[in-house]
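Structural overview
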Amino acid sequence: MLTTLKTSYTDTRAADLAWALGREPLPALAVLDLELTGAKLQLRLLGASHQVLLEEEEHRCSETVACMPGSSTPLPLGVSKRIGGWEYEFAARVEKLNHGSFAGRAQELLALVADHPNGLAGTFPGSPHAFTAMLAQRHEGQVRWRTWHAYPQEGQLVATRTQIGVRMPAPL
């Protein structure tokens, strides 16, 4: 699903993104509710940021990547944590692209997410390459999502990848 976000695009910076687990739902500009083989997943666009809410059986997880005032946890390159009975893995990277490459990559990602049944993307009025996009799937017992946060004024694209699922015992 592709939507135009009803907010002005402000000059946020990729370096201002922070990461948090366990936050309550924040006000969203667009939401996509998904059911992925027993897992309830809500993809939430918060402007130039995202929040994912996951619920499966008795387990719950909330991931937020946003410009959060007062946050002391910058966007990490990687996190691996145990959340209850789940194993949670998060990775982020920042791509620096020139203007032409940025425009092509933005079009490619928006096309990928726009028509995908488990995809949500929001573009900002006034800047055709300013967007936040999310794509979710379930694979081999894991719930996975990827996100992209575009900062055309900086030529930066922040990509994140998360997977979460029940911890499997080590083979004997």
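So, a few notes on the structure that sits alongside this text. In this text the structure is predicted, and so the values were computed from the model without any measurement. (Residues numbered from 1 in each chain as written. Predicted model: local features only at pLDDT ≥ 70, side-chain atom pairs only at ≥ 80, totals over all residues. Heavy atoms only, no water.)

Right, let's talk about the sheet that holds strand β7 (residues 78-83) for a bit. Reading across from one edge, β1-β9-β10-β11-β12-β8-β7 is the order of the seven strands in this open sheet, with mixed pairing throughout. Here the strands that pair on one side only, and so sit at the sheet edges, are β1 (2-4) and β7. The mean inter-strand angle of the sheet, taken between neighbouring strand axes irrespective of direction, is 15°. One ladder, built from six bridges, connects strand β9 (residues 119-124) with strand β10 (residues 127-139); its direction is antiparallel. Residue pairing in the sheet places L120 in a bridge with M134 of β10. Its contacts with the sheet place helix α1 (residues 99-114) against β1, β8 (86-96), β9, β10, β11 (142-151) and β12 (156-166), and it is angled at close to 45° to β10. (Pairing = 2+ DSSP bridges. Helix = DSSP H or I, 4+ residues; strand = E, 2+ residues; numbered from the N terminus. Axes fitted to C-alpha atoms, helices over the stretch in contact; angles between N-to-C directions. Contact = heavy atoms within 4.5 Å.)

Let us now look at the sheet that holds strand β5 (residues 50-56). One open sheet accounts for five strands, arranged β2-β6-β5-β4-β3; its pairing is antiparallel. At either end of the open sheet lies a strand with only one pairing partner, and these are β2 (18-21) and β3 (30-36). Strand-to-strand twist of the sheet, defined as the mean angle between neighbouring strand axes without regard to direction, takes the value 10°. Taken together, the seven bridges between β3 and strand β4 (residues 39-45) define a ladder with antiparallel strand orientation. Residue pairing across strands places D33 opposite Q42, the latter belonging to β4.

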